[in-house]
Amino acid sequence: MKIAYSPCPNDTFVFHAWAAGLIPGAPRLDVTYADIDITNGLSEGTDGPEIMKISYAALPWTHPDYALLPCGGALGRGCGPLVLTAGAPAAAGLPDPARLSGKTVAVPSERSTAYLLFRLWAARHVPGGVGRILVMPFNQIMPAVQRGDIDAGLVIHEARFTYPQYGLSLLQDLGSWWEQDTGLPIPLGAIIAKRTLDLEAVAGWIRASVDYAWANPEASREYVMSHAQELSPEVAKSHIDLYVNSFTRDLGADGFAAVNALLGRAAAEGLVPEARVASLQQQLQSGTNAV
């Protein structure tokens, strides 16, 4: 069975047991390690792998052959994307979003949840809007801000722990803004699977892999670190602790409500196809796994 997920510690931690053949009855996996910007694009057609990790923000463009699974993804609290700038924080200690007016901001993907949250936030808080959006691989964003090539960067993943090493300052924690505004967790990465599969069985294998990872946290260490893109073990562990949580095992009512709220707000702002979101919302409200 073909699957695509990122080499980030949370994904490799979650899927290690299945990928290593440790889940009884689960088929062997043919794994492709791909940035979420790549899988977001693959999800729009029918030639992609049978199972994929994508952004929740990409669901309105996902091909009807794929269904959303209620497990394996990344939602949570205190784990949202960050908007970073160079230099010291604002003198008053209160960053001024107006500093982004007319500026160039790098983002990791045009269809990422991070960028969708940024657009929702900027529409309220950046007068006149930003000047230019530049799509850039997420691991190149902080060095570009540090060099002054761009005015600000939208970062994800382990950048939450490492940005001070680049001499950068936090302008806005979009996760904190979202949580304060909605009271809901942040829906970041989703797991989708082709409808031709036994979706209940696939969800069961994913949950078994999550359970194994939690019960045997050292078992995946070598696998996680071999794909961790030069992260230290401490940062990799912090990454896992932040992004692998109860929502990873089961979206639950709060998880479905968070996805519903994100897509509903985006549709109301004209940022995603409204008709497609209306169909998605009916399914999300009922807690089904069909996209």
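These figures come from a predicted structure and were not determined experimentally.

Rules used in this analysis
Residues numbered from 1 in each chain as written. Predicted model: local features only at pLDDT ≥ 70, side-chain atom pairs only at ≥ 80, totals over all residues. Heavy atoms only, no water. Helix = DSSP H or I, 4+ residues; strand = E, 2+ residues; numbered from the N terminus. Rg over C-alpha atoms; globule rule 2.2 N^0.38 Å. Buried < 20%, exposed > 50% of the residue type's maximum accessible area, 1.4 Å probe, protein only. Contact = heavy atoms within 4.5 Å. Lys, Arg positive; Asp, Glu negative; His and termini not counted. Charge placed at Lys NZ, Arg CZ, Asp CG, Glu CD. pLDDT = per-residue confidence, 0-100. Salt bridge = Lys/Arg side-chain N within 4 Å of Asp/Glu carboxyl O. Core = buried A, V, L, I, M, F, W, Y, C linked by side-chain atoms within 4.5 Å. Pairing = 2+ DSSP bridges. Axes fitted to C-alpha atoms, helices over the stretch in contact; angles between N-to-C directions.

(A) Layout of the overall build of the chain. Check the secondary structure of the chain and you find 12 helices and 11 strands. Over its C-alpha trace the chain gives a radius of gyration of 18 Å, about what one expects of a compact globule, namely 19 Å for 291 residues. Counting every position in the chain, which comprises 291 residues, the buried fraction comes to 53%. A separation of at least 24 residues holds for 79% of the contacts in the chain among residues at least 6 apart in sequence. Taken as two groups, the 20 positive and 28 negative side-chain charges of the chain have centres that lie 3 Å from each other.

(B) Local environment of the side chain of Thr248. Counting through the fold element by element, Thr248 comes out in helix H10 (residues 246-249). Of the residues examined, Thr248 reaches a relative accessible area of 0% and is grouped as buried.

(C) View of the confidence of the model for the chain. Here the chain shows a mean pLDDT of 90. Residues at 70 or above account for 92%. By mean pLDDT, the top-scoring element of the chain is strand E1 (residues 2-5) (98), and the lowest-scoring one is helix H12 (residues 274-285) (66).

(D) Broad picture of the pattern of salt bridges. Overall, the coordinates contain 10 salt bridges when judged by the stated rule. Across the salt bridge formed by Arg111 and Glu44, the nearest N and O atoms sit 2.5 Å from each other. Here the residue Arg111 occupies a position in the loop between strand E7 (104-107) and helix H3 (113-125), and Glu44 occupies one in the loop between helix H2 (36-42) and strand E3 (51-55), the gap between them amounting to 67 residues. According to the relative accessible area criterion, Arg111 is partly exposed, its value standing at 28%. Across the pair Arg160 and Asp173 runs a salt bridge whose closest N-O atoms are separated by 3.2 Å. Taken together, the residues span a long stretch of sequence, with Arg160 in helix H5 (residues 159-162) and Asp173 in strand E10 (residues 168-173) at a distance of 13 residues. No difference in accessibility class separates Arg160 from Asp173, as the two residues are buried. Sharing partners across several salt bridges, the network here consists of Arg124, Asp181 and Arg265.

(E) Here's a closer look at the nonpolar core. Ranked by internal contacts, the top residues of the largest apolar core, which has 53 residues, are Tyr56, Leu59, Val83, Leu100, Phe118, Trp121 and Leu154. Take this core: its biggest share by element is 8 residues, from H3. Tyr56 has contacts with Leu68, Ala74, Leu75, Thr113, Pro187, Leu188, Gly189, Ala190, Leu251, Val259, Leu262 and Leu263, leaving out every residue within four places of it along the chain. One finds Ala193, Tyr223, Val224 and Ile240 within the second-largest nonpolar core, a separate group that totals 27 residues.

(F) Quick peek at the sheet that holds E7. With mixed pairing, the 5 strands of this open sheet are ordered in space as E8-E7-E9-E6-E10. In this open sheet, the two edge strands, each paired with only one partner strand, are strand E8 (132-135) and E10. Across the sheet, the axes of successive neighbouring strands diverge by a mean angle of 30 degrees, strand direction being ignored. The pairing of strand E6 (residues 82-86) with E10 spans 5 bridges and is classified as antiparallel. Considered in E10, the bridge of Ala86 is made with Leu168. Against the sheet, H3 engages E6, E7, E8, strand E9 (152-155) and E10, with an angle of about 130 degrees to E9.

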